[in-house]
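Observations on chain architecture
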Amino acid sequence: MLGYSVAVVGAAVSVHYVTDTALKCLAGYLLDRFSLRVIVHSGLFISLIGLLGMYRIHQPWVLIVAAAVFGIGISPVWLVALSKVKEEERASQMGVLYTVWLIGLGAGPVVINFLLDLSYSLSFWLMVGLWTLAWITALRMKNTVESRPDYIPIRRQAALLWERMKAMKPLLPGMILQTMVASMLVPILPGFAAKTLGLSHAGYSWVLMAGGAFTVAFLIPMGRWSDKTRGRKWFLVCGFAAFAASLYGLTLVSTLTVALVLAALLGFAYSAVLPSWNAPLADYVPKEQQGLGWGLFSSVEGIGVIIGPVLGGWLADRFGDSVAVITSAVLLGELPCST
């Protein structure tokens, strides 16, 4: 609607991830020097500026800068949420925190795509309204830290990351490639659904819901089956193969019904891949440094998240949305070989 290329949108998504991740490295500095309320309210205000900038000023460089500003503002809010977790209830409270986060992450694209068919302006101002509601809710927040995670200096983080990367060389290509392929689709899928599949925004939401529902429904059963059979390799091979085939199949269909079936298969395949993929990663996490170990793995996977949107946007602009989706499918099919 605003005339941006997919490459520009992909660059904006990547820049958002870069600023969000970079600021998390300064977590210790922020929590040691500023009160929680200052961090939260400053972050929400900065993010609101970024959100308004995306809507009000229609120039590519402004979109990219606004996405970066949005990432800068939203990053410390998550750090404050972590500081509110009580040590004696860490497991249960972290479970609640991640559940709420995932609900919002999944509901956002679904709700907004239903509204986009009605009005772009309505969709935008709903986001601003929800952001304002979050800000009002944050006024009730107590200015106390329940737990202060052991933050490590950036140089030490880099050294530890390098040590872990050397230890887990066999998994590195797959870790980066998996997140890169998934993030390649972020700037592509909405336009692909509209132009290639002929779906309305609401139809795209139904497709997202089908994929998410099948992932959630089969995630625990597939994880138990994988643990019971010890056949993680074949879960990965079959899961990635089904994922790649379903993704490629989407480039050949033009009806909502078939798209829903393929999305359900995508969700089912992902439910097979996720537990089997995380199991070998866990073997490389030192028992005495669980939090640090998983944090370092997230940093490695973040490399793919940063590269993916730029690459996906460039492919879509140069060769078309379908080529970008097919490329993602081919790379997914190659993942078992890389691991």
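Before reading further, recall that the structure is shown in the block above.
Owing to the predicted nature of the structure, the values given are computational and were not obtained by experimental measurement. (Residues numbered from 1 in each chain as written. Predicted model: local features only at pLDDT ≥ 70, side-chain atom pairs only at ≥ 80, totals over all residues. Heavy atoms only, no water.)

1. Some details on the pattern of salt bridges
Where charged atoms from two side chains of opposite charge come close, those side chains can pair. So the rule is basically this: A pairing counts as a salt bridge when a side-chain nitrogen of Lys or Arg comes within 4 Å of a carboxyl oxygen of Asp or Glu. Numbering of helices and strands runs from the N terminus, with a helix taken as a DSSP run of H or I at least four residues long and a strand as a DSSP run of E at least two residues long. Each residue's exposure class comes from its accessible area (1.4 Å probe, protein chains only) as a fraction of the maximum for that residue type: buried when under 20%, exposed when over 50%, partly exposed otherwise.
Scanning the model with the defined rule gives 1 salt bridge in all. Note that K195 is salt-bridged to D321, the shortest N-O span being 3.3 Å. Separated by 126 residues along the polypeptide, K195 in helix α9 (residues 189-195) and D321 in helix α14 (residues 321-338) bring together distant segments of the chain. Here K195 falls in the exposed class, since its relative accessible area comes to 63%.

2. Considering a nonpolar patch on the surface
The criterion, for reference: Only residues whose relative accessible area exceeds 30% and that take part in no salt bridge are eligible for patches, with like-charged residues grouped when within 9 Å of each other and nonpolar side chains (Val, Leu, Ile, Met, Phe, Trp, Tyr) grouped when within 5 Å. Here the accessible surface of atoms and residues is derived via Shrake-Rupley with a 1.4 Å probe, and residues count as covered only by protein chains that are part of the display.
On the surface, L26, Y29, F34 and V38 cluster together to form a nonpolar patch covering roughly 360 Å² of accessible area. Position of V38 among the secondary structure elements: in helix α3 (residues 36-56). In this structure V38 comes out as partly exposed when scored by relative accessible area, which is 42%.

3. Considerations on the nonpolar core
How we decide: By convention a nonpolar core is built from buried Ala, Val, Leu, Ile, Met, Phe, Trp, Tyr and Cys residues, the set being connected through side-chain atoms within 4.5 Å. Contacts are residue-level and defined by heavy atoms, with any inter-residue pair within 4.5 Å sufficient.
The biggest cluster of nonpolar side chains holds 38 residues, and the ones touching the most others in it are L247, L250 and L332. Tallying contributions element by element places helix α12 (residues 256-283) first for this core, with 7 residues. Once you skip the residues sitting within four places of it in the chain, L247 turns out to touch L185, L266, V325, S328, A329 and L332.

4. A look at the packing of α3 against helix α4 (residues 60-83)
This is how the line gets drawn: Think of each axis as a best-fit line through the C-alpha atoms, taken over the contacting stretch in the case of a helix, with angles from 0 to 180 degrees between the N-to-C directions. Note on terminology: angles under 35 degrees are roughly parallel, angles over 145 are roughly antiparallel, angles of 65 to 115 are roughly perpendicular, and the others are oblique. It is the rotation of the near helix from the far one that decides the hand of a crossing: anticlockwise by less than a right angle makes it left-handed, clockwise makes it right-handed. Residues are sorted three ways: Asp, Glu, Lys and Arg are charged, Ala, Val, Leu, Ile, Met, Phe, Trp, Tyr, Cys and Pro are nonpolar, and all the rest, Gly among them, are polar.
Interaxial distance between α3 and α4 falls to 7 Å at its minimum, and their mutual angle equals 155 degrees. For the element pair α3 / α4, the angle class is roughly antiparallel. Considering the relative orientation of α3 and α4, their crossing is left-handed. Its residues assigned to classes, the contact of α3 with α4 comprises 18 nonpolar, 6 polar and no charged.

5. Things to note about the environment of V207
Structurally, the position occupied by V207 is in helix α10 (residues 201-229). Taking the C-alpha atoms as reference points, V207 and L256, separated by 49 residues in sequence, lie 7.9 Å from one another. Filtering out sequence-adjacent residues up to four positions away, V207 remains in contact with L199, L256, A259, L260 and A263.

6. Quick word on the environment of F34
Looking at the element boundaries, F34 is found in the loop between α2 (27-33) and α3. The contacts of F34, once residues within four sequence positions are left out, are Y29 and I39.

7. As for the packing of aromatic side chains
Rules: Centre distance within 6.5 Å is the pairing criterion for rings of Phe, Tyr and Trp, where only the six-membered ring of Trp is used; planes under 30 degrees apart are then read as stacked, over 60 as edge-to-face, and the remainder as tilted.
Taken as a whole, this structure holds 10 aromatic pairs when the rule is applied. Ring geometry for F124 against W125: centres 5.0 Å apart, planes inclined by 75 degrees, an arrangement best described as edge-to-face. Look at F124 and you get buried, because its relative accessible area is 6%. The partly exposed category is assigned to W125, whose relative accessible area is 40%. Taken together, a centroid distance of 5.8 Å and an interplanar angle of 85 degrees make the contact between W314 and F319 edge-to-face. A connected cluster of aromatic rings, assembled from ring pairs, spans Y55, F124 and W125.

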